[in-house]
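Close look at the chain arrangement
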Amino acid sequence: MIDLTIHAALEKLKSGEISATELTRAHLDRIEKLGGDLNAYITTTPERALADAAAADARYKNGTARALDGIPIGMKDLFATRGIRTTAASHMLENFVPEYESTVSQKFIDSGSVLLGKTNLDEFAMGTFSKTSYFGAPVNPWQLERKLTAGGSSGGSTSAVAGGLAMGATGTDTGGSIRFPSAITGLVGMKPTYGLCSRWGCVAFASSLDTPGPIARTVDDAALLLSVMAGHDPKDSTSESAGFNEHTPLESILGDGKKLRVGVIRELNDVEISSDMKKLFDARIADLKSIGAEIVEVSIPNILDALAAYYIIAPAEASSNLARYDGMRYGLRVEGNDLLDTYKKTRAAGFGTEVQRRMIVGTAVLSSESYEVYFMQAARVRRMIADSFNAAFEQCGLIICPTSSGTAMPLDSDLSPLEYYALDLFTVAMNLAGVPACSVPAGLAVNGLPLGVQVVGKRFDDLRVLQLAKHIEQFAGVDNRPTKIMGK
Ligand code: GLN
């Protein structure tokens, strides 16, 4: 049952071949068996899961089943869940139990899905390997004995979905946190258009970049999850009215005489990537050509400056967002001699090194001496990148590019902060521009590990992004069934 896609499971639930309770138990058993190895969850919610499953079974019986009724999912532990602790993988929020439900997790409740638990991540979603988690890093289910990263920051979600500890999961993508972990675990990870999914009740990292989105094993499943997550939310002023209503399998946009111009980014051609990624990328392009896509070169002149701009803008927003954790209203409090001392002790004890680094950088670039040279300059680069994407989409319908240079690295790799930041080279520009981008498996490298490519579209072209991703998925044919990956 673990290997079923969401679509296949829904068919079986509808026909009565399996029950939501059986499906949920199968996943809870697997969490029991492999949860320790994978460290995918910070908190599991087995009682809640079984209650959700019983309610779903009742709805199947009386014919009122909903879009995701009975589907067991994982929720990134950045989304506030009422009555269930929500930690952001930080000591600061280790014991924080929200009294409200985030919009995204509420939509999952309304869809009838089953909550298995809260998935692990980098602390406050800052990182690339999920190693900054206060609860230890999640592990990649591929070649488990090698203890590879499942990516970050949504690494608990990708570990859970790839390992069969959830059928799908939520992620958030501020600079690549859905796409990079999905690529190196053989999954589909969709960063929707900024504003398509509400951020309300999601612990803030960098508000102008944070984008909730789905992680699944197939493009069809990702589309279904997105249709549940998307929609206008009056509680989020940046939420857009455009919805995403794709409940049916995605239609082809190529082949049978259909034409599409697919852009490749000239400036990325000069970036050195692994020979595996290069080979797979070229192979997938050849496949698209074979069904009638016309490949055109487009230019995003400032794309290589995206990293620098991101690592100014994201810390700046984070330093402001994280000022709220002061030990006064909620979260950790370490008593000091006076008010200032309490602030200092609380924040020094509550935040890990990477989070502190970002707050210091963010505060520095927002200071009156640096604001113009760093922050405003980064904002200008951001504008230019967004404009270049708009111009590129005059020449092509969609763009494709690699998601990462290479495959999953060992968790004990000793990289400097700048080396980690450099891994975001292929993902941050889409956040700066607010455009949708989906990472889809491109194939396996010679070491047997998966790699992904991204399909990028113009704002609100999320459906077409997924449609092209589905073509690539079919050509790549990566077998990502959990029992196949893990050999059990
Ligand atoms: N790796 C990036 C960072 O560390 C992206 C994180 C994210 O998208 N949440 O900021």
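Residues numbered from 1 in each chain as written. Predicted model: local features only at pLDDT ≥ 70, side-chain atom pairs only at ≥ 80, totals over all residues. Heavy atoms only, no water.

**Concerning the nonpolar core**
What counts is decided by this rule: Nine residue types can take part in a nonpolar core, namely buried Ala, Val, Leu, Ile, Met, Phe, Trp, Tyr and Cys, and a core is a set of them joined through side-chain atoms within 4.5 Å. Burial classes: relative accessible area under 20% of the type maximum marks a residue as buried, over 50% as exposed, and values in between as partly exposed (1.4 Å probe, protein chains only). Pairs of residues are marked as contacts when any of their non-hydrogen atoms sit within 4.5 Å.
Judged by nonpolar contacts, the single largest core of 157 residues is most densely connected at I71, F124, I400 and L468. Aside from chain neighbours lying at most four places away, what touches L468 is I253, L254, L260, V262, L288, L398, I400 and V455.

**Things to note about the sheet that holds strand 1 (residues 41-44)**
Here is the rule: Should DSSP find at least two bridges between two strands, the strands are regarded as paired. The way it works is that DSSP assigns letters per residue, a run of H or I at least four long becomes a helix, a run of E at least two long becomes a strand, and they are numbered from the N terminus. Each axis is a line fitted through C-alpha atoms, and for a helix only the stretch in contact is used; angles between axes span 0 to 180 degrees, taken between their N-to-C directions.
Taken in spatial order, the 11 strands line up as 1-3-2-4-6-5-10-11-9-7-8 in an open sheet, and their pairing is mixed. Of all strands in the sheet, those with a lone pairing partner are strand 1 and strand 8 (293-298), marking the two edges. Across this sheet, the average inter-strand angle for adjacent strands is 30 degrees, counted without regard to direction. Two strands pair when backbone bridges link them, and strand 7 (residues 260-265) and strand 9 (residues 398-402) are joined in this way by two bridges, in the parallel orientation. Bridge pairing in strand 9 places G263 opposite I399. The strands that helix 7 (residues 219-229) touches are strand 4 (168-172), strand 5 (188-191), strand 6 (212-216) and strand 10 (437-444); relative to strand 6, the one it contacts most, it runs at about 150 degrees.

**Here we look at the packing of helix 7 against helix 16 (residues 462-476)**
To keep things clear, this is the line we draw: The labels follow the angle: roughly parallel below 35 degrees, roughly antiparallel above 145, roughly perpendicular from 65 to 115, and oblique for the rest. Each crossing is labelled by how the near helix is turned from the far one, with a counterclockwise turn of less than a right angle marking it left-handed and a clockwise turn marking it right-handed.
Relative orientation of the contacting elements helix 7 and helix 16 amounts to 160 degrees, with a least axis distance of 9 Å. In terms of their interaxial angle, helix 7 and helix 16 are classed as roughly antiparallel. As for the relative orientation of helix 7 and helix 16, their crossing is right-handed in sense. Here helix 7 contributes V219, D220, A223 and L226 to the contact with helix 16, which in turn contributes D462, L466, A469, K470 and E473.

**Focus: the environment of E240**
Here is the rule: Polar contacts, as used here, are pairs of N or O atoms within 3.5 Å; protein pairs need one atom able to donate a hydrogen and one able to accept it. Residues neighboring in sequence count only if both atoms are side-chain atoms.
Structurally, E240 is set in the loop between helix 7 and strand 7. Assessed through its relative accessible area of 25%, E240 is described here as partly exposed. When the C-alpha positions of E240 and L268 are compared, they lie 31 Å apart, and in sequence the two are 28 residues distant. Other than its neighbours up to four places away in sequence, E240 contacts Y194, G195, G231, H232, R459 and F460. Separated by 3.0 Å, the side chains of E240 and R459 make a polar contact.

**Focus: the pairing of strand 6**
Of all the five residues making up strand 6, five are buried; the element is thus mostly covered by neighbouring parts of the structure. Of the strand pairs in this sheet, strand 4 and strand 6 are connected by five bridges, and their pairing is antiparallel. When the sheet's bridge partners are listed, A169 is paired in strand 6 with I215. One ladder, built from two bridges, connects strand 5 with strand 6; its direction is antiparallel. Bridge pairing in strand 6 places V188 opposite A216.

**A short note on the side chain of T43**
Take T43: it is sitting in strand 1. A distance of 3.0 Å separates polar atoms of two side chains, one belonging to T43 and the other to R85. Setting aside chain neighbours within four positions, we find T43 in contact with R85, G117 and K118.

Shape descriptors only; they carry no functional weight alone.
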